[in-house]
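Residues per chain are reported as follows:
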Amino acid sequence: MSPIAELSAVEVDYPRGRALGPFDLTLSPGEIVALVGPSGCGKSTALRLLAGLEQPTRGTVRRASGRGETSVVFQAPTLMPWASAIDNVALPLELAGEAKAAARHKAAAALARVKLDGALAAKPAQLSGGMAMRVSLARALVTNPRLLLLDEPFAALDEITRRALAEDVHALWSQSRPAIVFVTHNVEEAVFMASRVVVMTRGPGRLAGETAVDAPLPRPPGFRTTAVFRNAAEATSRTLDAAMAAA
Amino acid sequence: MSRLRSILAPWILAALLLAIWEASCRIFAVPSYLLPAPSAVAVAVAQNLPLLASSAWNTLAVAIIAWVCASLTASSIALAVSVNQLAEDAVRPLAVVLQVTPVVAIAPLVNIWVGLEHPERGVILLAVVVAFFPIFSGALTGLKAADPDLERLFDLYGANRLQRLLRLRLPSAVPQILEGHKVAAGLAIVGTVVAEFVAGSGGAQGLGWRITEASHRLQTARMLAALFVLAAMALTLYALLQRAEQIILRRWRGR
C-alpha cells in the first residue's frame, strides 16, 4: 500500500537553532501513529510539516494536498467564540464553497457522530472543555479527511475526560479509517490509542525508537489492563528514558 | 447585601464631600465668586435649566456627529490598513502624531482652515480628531489579534483573503471595536467642549461656551452648573454605551 504521507530526512531550523531532524516518518492509510517525546523535541513541528502549515529547511514532505484531505486538531479546541457549534463545524465546508444548507446538514451529522446533537446551537463558552474538544473533532472529521493530525488534543483535560475522548476517537476512526498522527506526552495514552508509538529524542527531535502495539483497533477500555498494553507501555517508557538520558 | 453596600458607597462618599463643601463655605464665609456652595450651584442649575439643556443638546449633537464621522473614517482606515503591513507601518505613526498633539493647540489652525465664518465645522472636525485614535487603534488591534491557531486552520482550509477578513478577523475584532467606540464617545465630548472654548460664541452655543461665558462674568456658580450638566451628560452616555457593549458581547459569545 502506498503511504498516505511521508517525511523523508526532514530538518527544520529556527533562528534559535535546529528544532527537528533529520527525521523520517512514513504513514500508511488507516494507521494510528503516536508521537511521544520530551517537551521541545519537535513533535508539533513534525505535525505542522505533515499539515503543510510549515516547510522543512531540508528534506522532503509528501502528503495528500487536496482541500480537506488533511485535518488538524490543536491542543486548545480553537473554536470561533462568536459562532455556534454547528457553524464552527460547517466552517471548512463553507470555506471550500459548499452551499450553506448542505454544509450545515453535514455539520449536524458530524456533531451527532461525536454525540453532540443536542448542542448544535451552543456557543463555545457554553460548552465544557471536553464538549468543546469534541466540536473540534467534529470539525476535523466533517471533510472526511484521509489524514487526521491531533496535536496534544487532550492535554488540557482531566483524566476521565481524556479516556472517554480516546475511546471516542477510536470509534470515529473505525467509521472512515483515516490515518491518524497523535502527539502526546503521555505514554499510556499513546499505547492505548496507537498501532505504532514513535519515540523522539530531546530537541532537535530524531527517532529514538519505535514500539508496535500489537492489538486490533478500536480497543475496549479493558485493553488498559492487558499484558500487551503493559509490555508496550514498558517498552515505550524504556525507549523514552534512554532518549532522555542520551540527550 | 454587599452588593447594595457597594452601590451605595460612592453615593454616600459624594454626599459626605458635598456636606463638607457646603459647611466649609458657610463656616468660613468663602466669597461665592471663588467657591460657591453646592446649594448655590443647585440653584444656578435650576435657574438656568432651559439654557443649560439646550446648550447640552448642542454639545451632545456635535459630539455624536463627530463620533459617527470618527467611527466611519477610523474603521475604514483600520480595515484598509489591516490587510497590508506596509500601509500599517506608514499610517500608524501618523495616527499616533494625531493622537498626541493637544487638540487645544491645533484648534485655532483648524478654525482658520474651515473658514472663520463656519466655527461649527471646526468644532466637529476637532472632535473627530480626538475621537479618531481609540477607534482606529482598537479596530486595528482587534483585526490583527485573531487566534493564531484559527489563522492556521483558515490556511489549512485554503480560505481566501475576503473569507479570512469576513469570517475570522472582523468577528474576532468585535470586542476591541466596541471598546474603542466607548472610549471615543467620551473623548468626542471632551473634544467638542475644548473646541467650543476656542471657537467662541460664533458656533453653536454648547456647554463649553456656557462655561467660557460664565467665567468671563465671574459667575462661578453658573460655571459649576454647566460643568455639572456636562459631567452628568458624559456619564449617562458612558453608562448607555457600557450597557450596549455588554448586551452585544453577551450575544457575541453566547453568555
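Residues numbered from 1 in each chain as written. Chains lettered and ligands numbered in written order. Predicted model: local features only at pLDDT ≥ 70, side-chain atom pairs only at ≥ 80, totals over all residues.

Participant: Please explain the interface of chain B and chain A as it appears in this structure.
Facilitator: One widely used convention gives an interface's size as the accessible area the parts lose upon coming together. Contacts between chain B and chain A engage 17 residues on the former and 18 residues on the latter. Mapped by element, the contributors of at least two residues to the side of chain B that touches chain A are helix 7 (148–156), helix 8 (161–199) and helix 10 (220–253) of chain B. In terms of residue count, helix 7 of chain B provides more of the side of chain B that touches chain A than any other element does, six residues in total. Grouping the amino acids of the side of chain B that touches chain A by side-chain chemistry returns eight nonpolar, three polar and six charged. (Contact = placed C-beta atoms within 7 Å. Helix = DSSP H or I, 4+ residues; strand = E, 2+ residues; numbered from the N terminus. Nonpolar A, V, L, I, M, F, W, Y, C, P; charged D, E, K, R; others polar.)

Participant: For this particular structure, what's the right way to read the sheet that holds strand 2 (residues 17–27) of chain A?
Facilitator: The strands making up a sheet are joined through hydrogen bonds of the backbone, oriented either antiparallel or parallel. Residues and elements named next belong to chain A. Here three strands make up an open sheet; going across it, the order is 2-1-4 and the pairing antiparallel. The sheet terminates laterally at strand 2 and strand 4 (58–63), the two strands that pair on one side only. Each adjacent strand pair in this sheet contributes to an overall mean axis angle of 20°, direction not counted. For strand 1 (residues 5–14) and strand 2, the ladder comprises seven bridges, and the chain directions are antiparallel. Bridge pairing links Ala-5 to Leu-27 in strand 2. Contacts from helix 1 (residues 43–51) reach strand 1, strand 2 and strand 4, with the element oriented near 125° to strand 1. (Pairing = 2+ DSSP bridges. Axes fitted to C-alpha atoms, helices over the stretch in contact; angles between N-to-C directions.)

Participant: Can you help me understand the domain arrangement of chain A in this one?
Facilitator: All names here are of chain A. Considered domain by domain, chain A is made up of domain 1 (5–64 + 146–246) and domain 2 (80–145). Each partner contributes to the interface: domain 1 provides 13 residues, whereas domain 2 provides 11 residues. Looking at the side of domain 1 that touches domain 2, the elements that each hand over two or more residues are strand 6 (147–151) and helix 5 (159–176). If one sorts the elements of the side of domain 1 that touches domain 2 by residue count, helix 5 sits on top with five residues. Grouping the constituent residues of the side of domain 1 that touches domain 2 by class yields nine nonpolar, two polar and two charged. (Domains from an automatic or database assignment.)

Participant: What is the right way to read the domain arrangement of chain B from this model?
Facilitator: When cut into domains, chain B gives domain 1 (1–30) and domain 2 (37–253). Inter-centroid distance (C-alpha atoms) of domain 1 of chain B to domain 2 of chain B is 31 Å.

Participant: Can you help me understand helix 3 (residues 100–113) of chain A in this one?
Facilitator: An α-helical segment advances 3.6 residues per turn. Residues three or four places apart therefore align on the same side. Residue and element names in this part refer to chain A. With 14 residues, helix 3 ought to run about 20 Å at 1.5 Å a step, and its terminal C-alpha atoms sit 20 Å apart, in line with that. Listing the buried residues of helix 3 in full gives Ala-103, Ala-107, Ala-110 and Leu-111. End-on view of helix 3: buried residues confined to an arc of 100°, all on one side of the axis. Every exposed residue of helix 3 that faces more than 90 degrees away from the buried side is listed here: Ala-101 and Ala-102. Looking at the packing, one finds that the buried side of helix 3 touches helix 2 (85–95) and helix 4 (129–141). Of the residues trailing helix 3, Lys-115 is marked for its positive phi of about 65°. (Expected span 1.5 Å × (residues − 1). Buried ≥ 20, exposed ≤ 12 C-beta atoms within 10 Å, placed from the backbone. Arc of directions from axis to C-beta.)

Participant: What am I meant to see in the sheet that holds strand 6 of chain A here?
Facilitator: All names here are of chain A. Within the open sheet, the six strands sit side by side as 5-6-7-3-8-9. Their pairing is mixed. Of all the strands in the sheet, the pair left with one neighbour each is strand 5 (70–73) and strand 9 (207–212). Ignoring strand direction, the axes of neighbouring strands in this sheet form an average angle of 15°. Bridge analysis of strand 3 (residues 32–36) against strand 7 (residues 179–184) gives five bridges, and the strand direction is parallel. Across the sheet, the residue bridging to Ala-34 is Phe-182, located in strand 7.

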